[in-house]
Amino acid sequence: MIGIETDTAAIIAREGQYIAQTYKRPPFALVRGAGVHVYDADGGRYTDWVAGIAVNALGYADPALDEALRAQLDTGLIHVSNLYHTAPHVLVAEKLVGGCFADRVFFCNSGAEANEGAIKFARKFARSAGAPATKTDIVTFTGGFHGRTIGALSVTPKAAYQAPFAPLMAGVKVAEFNDIESARALIDGDTCAVIVEPVQGEGGIHPATAEFLAALRDLCDQYGALLIFDEVQCGVGRTGHLWAHQSGTTTPDIMTTAKPLAGGLPVGAILCTSAVADALAPGDHGSTFAGSPLVMSAALTVLDRVAADDFLAHVRAVGAYLLERLATLTHDCIVDVRGRGLMVALELNKPAAPIIERGYEHGLLLVNAGANVLRFVPPLIVERAHVDQLIDTLQIILGD
Ligand SMILES: Cc1ncc(COP(=O)(O)O)c(C=O)c1O
């Protein structure tokens, strides 16, 4: 290797000089990964309970994923733009609609971009249905997170994220999560869409109840609003179902997905019914990189693996084991253990940040979801033995 790749101090010093300072990073640099482990430049090994923030569903150095990428590279086509026909995005779209309520897919490059598109699709749907020009309101929920771009940020009701960037998009109303009366009071004829995470991620791993989602569906139908499920974090097998909402019977009009879909390459997708897709015309929306052959070859591999019954059964089994083992921890600082599949939270009565730092010393990558919540969103290939190791370490570091 050449350059600074193995020199931790140099990497960190130059990061401070050249990278916009919007993240606080721990004092090591990751250089490779295998399975559920990543390695730093000084040879340290970490078991990864973060997976690049709920992204690396197949872990690191998955042979089938690597092979699919190499095969696509061999064709010479990384990217050609959406001006031309290519096969891989068609195959991924076919698989996506085959596994859920949707009829059509629009690809993009991130979760925020998927939610931006979903907002635009909802507005266009209202307009093409002949609704008054005032039908542009979006109802969102406390604790929701939908991304950092202006539209997605506008429906992410967290003051620390929003305040420095005001004014945001107009017409956003915030209801209480899992409180249908609160939503009923805000949804009306001017509502073009309701956006909700079936399991809130950044907000602290809070599942929506089946009754809440069903009642939102009814309210949307009553007022001609679209129901948008944001499955950017909870989708693609994370909860032990291909899509989190499939643990119940309520379906949306639009669903957004991103994070794990292409095994770590940037991707997003907006899935929708044909009624929504029919409201769109050429030129309404676009994206230069979206659906590129290289990214889609990865997505095809991820979907093939993750949608398999035995893979989803593994997620449910290891997730249940994780919940069961976390529940055996008896430290006074523990307030709650909750989650679905491999999207699990340990809520504390104190800040999670010092625990995360102690985790590094014990070879664990951990992440929070809010100040007091430790969030476990590992590669979906994690095994019970890794859970045992996690619990042994938590036993020690929670008591410090
Ligand atoms: C539910 C949800 N929606 C949207 C986003 C934004 O995704 P991205 O960071 O890819 O823009 C996130 C990211 O954490 C998320 O958890």
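Just so it is clear, the model here is predicted, and its values are computed rather than measured.

Criteria and thresholds
Residues numbered from 1 in each chain as written. Predicted model: local features only at pLDDT ≥ 70, side-chain atom pairs only at ≥ 80, totals over all residues. Heavy atoms only, no water. Phe/Tyr/Trp six-rings, centres within 6.5 Å; stacked < 30°, edge-to-face > 60°. Helix = DSSP H or I, 4+ residues; strand = E, 2+ residues; numbered from the N terminus. Domains from an automatic or database assignment. Contact = heavy atoms within 4.5 Å. Buried area = accessible area lost by both parts, 1.4 Å probe. Salt bridge = Lys/Arg side-chain N within 4 Å of Asp/Glu carboxyl O. Near = heavy atom within 4 Å. Polar contact = N/O pair within 3.5 Å; in protein donor to acceptor, adjacent residues only side chain to side chain. Nonpolar A, V, L, I, M, F, W, Y, C, P; charged D, E, K, R; others polar. Core = buried A, V, L, I, M, F, W, Y, C linked by side-chain atoms within 4.5 Å. Buried < 20%, exposed > 50% of the residue type's maximum accessible area, 1.4 Å probe, protein only.

**Let's talk about the packing of aromatic side chains**
In total, this model carries 7 aromatic pairs according to the counting rule given. Judged by centre distance (5.1 Å) and plane angle (75°), the ring pair of Phe28 and Tyr360 falls under edge-to-face. Of this pair, Phe28 sits in the loop between helix H1 (8-18) and strand S1 (30-34) while Tyr360 sits in helix H13 (residues 353-361), and the two are 332 residues apart along the sequence. Ring centres of Phe145 and Tyr161 lie 5.7 Å apart, and the angle between their planes is 85°; on these two criteria the pair is classed as edge-to-face. Of this pair, Phe145 sits in the loop between strand S5 (137-141) and helix H6 (150-154) while Tyr161 is found in helix H7 (residues 159-162), placing the two residues 16 residues apart along the sequence. Three or more aromatic residues joined by ring pairs form one cluster here, namely Phe28, Tyr46 and Tyr360.

**Quick look at the domain arrangement of the protein chain**
In terms of domain boundaries, the protein chain breaks down into domain 1 (8-61 + 309-397) and domain 2 (77-306). For domain 1 and domain 2, the distance between their C-alpha centroids amounts to 26 Å. In this complex, domain 1 contributes 26 residues to the contact, which on the side of domain 2 involves 26 residues. When domain 1 packs against domain 2, the two sides together hide about 2,200 Å² of surface, and 60% of this comes from carbon and sulfur. In terms of surface lost to domain 2, no three residues of domain 1 exceed Leu58, Arg340 and Met343, which account for 31% of the buried area on that side. Taken together, the connections running from domain 1 to domain 2 amount to 1 salt bridge. Between Glu202 and Arg375 there is a salt bridge, and its shortest N-O distance comes to 2.7 Å.

**Some points on the side chain of Thr136**
Secondary-structure assignment places Thr136 in the loop between helix H5 (111-128) and S5. Leave out the neighbours within four places in its chain, and Thr136 touches Arg123, Arg127, Gly171, Asp190 and Cys192.

**Considering the site of the ligand**
Within the structure, the ligand sits among 13 residues, and Gly111, Ala112, Asp230, Gln233 and Lys259 are positioned closest to it. Contact distances for the ligand include 2.8 Å between an oxygen atom and a backbone N or O atom of Gly111. Between the ligand and Ala112 there is a distance of 2.8 Å, counted from an oxygen atom to a backbone nitrogen or oxygen. Among the elements that line the shell around the ligand, the one with the most residues is H5, at 3 residues. Split by residue class, the shell around the ligand holds 3 nonpolar, 6 polar and 4 charged.

**Side note on the nonpolar core**
Among the nonpolar cores identified, the biggest contains 78 residues, and Phe141, Leu216, Leu374 and Phe376 are the most heavily contacted of them. The element that contributes the greatest number of residues to this core is helix H11 (residues 293-306), accounting for 8 residues. Here this core spans two domains, and each of domain 1 (8-61 + 309-397) and domain 2 (77-306) adds at least three residues to it. Here Phe376 is in contact with Trp49, Leu322, Leu326, Leu342, Met343, Val344, Leu346, Leu366, Leu390 and Leu394, once residues within four sequence places are set aside. Ala126, Cys192, Ile228 and Ile270 belong to the second largest nonpolar core, which has 20 residues in total.

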